[in-house]
Amino acid sequence: MKRVEFFGPMGSGKSTIYKELINNSQNYIVDAKKEINRFILSSYKNDSFLKYLIFFLLYTTPLQNRVFNNFNLIKYSNNSNNDILDFVYENFSNTNIGTFKYIQRLNWFLKELVNSNIIKDIDTNRYAVVDESLLQKGVAFSFFKNDDYFLEKYLNLIDLPDVAIFVNTPLKVLIDRVENRNVKEHTKEEIIQSFEISLKTFDYLKALGINVIEINGTDNIKNNIDIINKKINNL
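Quantities reported herein were computed from a predicted structural model and do not represent experimental measurements.

Participant: Help me out: how do you make sense of helix α9 (residues 171-179) in this one?
Facilitator: The α-helix winds at 3.6 residues per turn, so residues separated by three or four positions along the chain end up facing the same way. Listed in full, the buried residues belonging to α9 are Leu174, Ile175 and Val178. Summarising the axial view, the buried residues of α9 lie within an arc of 95 degrees, below the 170-degree limit, and thus occupy one face. Against α10 (188-207) lie the buried residues of α9.

Structure representation (C-alpha cells):
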C-alpha cells in the first residue's frame with residue numbers, strides 16, 4: 001500500500017484537512033488507521049500476527065525506560081529500522097529533556113514507525129493517508145535538536161512516503177490560531193520554530209525527489225481536497 005503523509009507547522013489545519021480528505025475521496029484514498037486495523041484483524045491466522053501484536057503493545061507504553069526498551073523490540077522484529085532507531089536513540093537517550101512532552105513524542109515516533117511497516121505489508125495500490133506521520137515526528141524532534149543536520153539526517157533515514165502533503169499557512173495566521181486556543185500549549189517562539197522547520201522539511205523532500213503537494217491552510221477546505229484528489233489521481 002502506498003503512503004500519504006501530512007506535515008506542517010502547528011495550527012496549520014493538518015488534522016482538519018486530513019479528516020475531510022478521508023471522508024471525501026474516492027476509494028483509492030483511504031484512512032491508514034482503518035486499513036491497519038483491518039489488516040491486523042485479518043492477520044489472526046497468519047504467522048506474522050505475533051510480530052504485530054508485539055508492535056501494538058507499544059501503544060500503551062507510559063514510562064521513559066520502557067520506551068527505550070521498546071527500541072530493541074522493534075529492532076529484533078524488523079532490521080530495516082535499525083539505522084533510524086540508533087540515530088534517534090543516540091540523539092536523545094542522554095539528553096536532559098526528561099519531560100512528559102519529550103517522552104510522548106518519542107512514543108508517538110515508535111507508533112508511526114510500526115504503522116509504516118504495517119502499511120508496506122498491505123497488498124494494494126491504494127493510498128493510505130496518515131495524519132500524525134513520521135515526517136511530522138521529524139518536525140517535532142527538531143524542536144529538541146534545533147539544528148539542520150538532525151532534520152536532514154532523519155529524513156534520509158526514515159522510509160519516506162510516496163506522497164507528502166504540506167499544509168503551509170502564513171505565520172501570522174498560525175500565531176493567531178494557536179494563541180486563541182483554549183489550552184495554551186505553545187509559545188509564540190515555538191510556533192515560529194515549527195513554521196521554519198516545516199519549510200526546511202518541504203525543501204529537503206523536494207530535493208530528495210518526493211512528490212509533495214503544497215496547499216494553503218487558509219484556503220477553502222473543499223478546494224484543498226479537490227487539489228489533493230486530482231494530484232494523487234494523476235500520479
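Participant: Any chance you could explain the packing of α9 against α10 here in plain terms?
Facilitator: To characterise two packed helices, one gives the angle between the axes of the helices and the distance between these axes. It is at 10 Å that the axes of α9 and α10 come closest, and there the two elements cross at 135 degrees. Classified by the interaxial angle, the pair formed by α9 and α10 is oblique. Note on packing geometry: the crossing formed by α9 with α10 is right-handed. Together, Leu171, Leu174, Ile175, Val178 and Glu179 of α9 and Lys188, Ile191, Ile192 and Phe195 of α10 make up the contact between the two elements. Along the lines of polarity and charge, the residues of the contact of α9 with α10 split into seven nonpolar, no polar and two charged.

Participant: Explanation requested: the sheet that holds strand β2 (residues 29-31) in the structure shown.
Facilitator: Pairing between the strands of a sheet comes from backbone hydrogen bonds, and it takes one of two forms, parallel or antiparallel. Taking strand neighbours across the sheet as the criterion, the five strands line up as β2-β3-β1-β4-β5 in an open arrangement whose pairing is parallel. Each edge of the open sheet is held by one strand with a lone partner, namely β2 and β5 (211-216). Sheet twist, expressed as the average angle between the axes of neighbouring strands with direction ignored, equals 25 degrees. Sheet topology note: the strand β1 (residues 2-7)/strand β4 (residues 163-168) ladder contains four bridges and is parallel. Note that in β4 the partner of Val4 across the bridge is Val163. The sheet contacts of helix α7 (residues 134-145) involve β1 and β4, and relative to β1 the element is tilted by about 35 degrees. Against the sheet, helix α11 (residues 221-233) engages β1, β2, β3 (127-130), β4 and β5, with an angle of about 165 degrees to β5.

Participant: For this particular structure, what's the right way to read the packing of aromatic side chains?
Facilitator: Each aromatic ring pair is specified by the distance between its two centres and by the angle formed by the two planes. Within the structure shown, the criterion is met by nine aromatic pairs. Plain terms: the ring middles of Phe87 and Phe150 are 5.1 Å apart, the flat faces sit at 20 degrees to each other, and that makes the pair stacked. Highlighted residues: Phe87 in helix α5 (residues 82-92) and Phe150 in helix α8 (residues 148-157), separated in sequence by 63 residues. The buried category is assigned to Phe87, whose relative accessible area is 7%. For Phe150, a relative accessible area of 1% corresponds to the buried category. A ring pair is formed by Phe141 and Phe150, whose centres lie 6.5 Å apart and whose planes are at 85 degrees; its orientation type is edge-to-face.

Participant: Is there a simple way to explain the side chain of Asn229 in this structure?
Facilitator: On the secondary structure map, Asn229 appears in helix α11. Apart from residues no more than four positions distant in its own chain, Asn229 is found in contact with Leu21, Asn24, Ser25, Gln26, Tyr28 and Ile29.

Calculation criteria
- Residues numbered from 1 in each chain as written.
- Predicted model: local features only at pLDDT ≥ 70, side-chain atom pairs only at ≥ 80, totals over all residues.
- Heavy atoms only, no water.
- Buried < 20%, exposed > 50% of the residue type's maximum accessible area, 1.4 Å probe, protein only.
- Helix = DSSP H or I, 4+ residues; strand = E, 2+ residues; numbered from the N terminus.
- Arc of directions from axis to C-beta.
- Contact = heavy atoms within 4.5 Å.
- Axes fitted to C-alpha atoms, helices over the stretch in contact; angles between N-to-C directions.
- Parallel < 35°, antiparallel > 145°, perpendicular 65-115°, else oblique.
- Left-handed = near helix turned anticlockwise from the far one by under 90°.
- Nonpolar A, V, L, I, M, F, W, Y, C, P; charged D, E, K, R; others polar.
- Pairing = 2+ DSSP bridges.
- Phe/Tyr/Trp six-rings, centres within 6.5 Å; stacked < 30°, edge-to-face > 60°.

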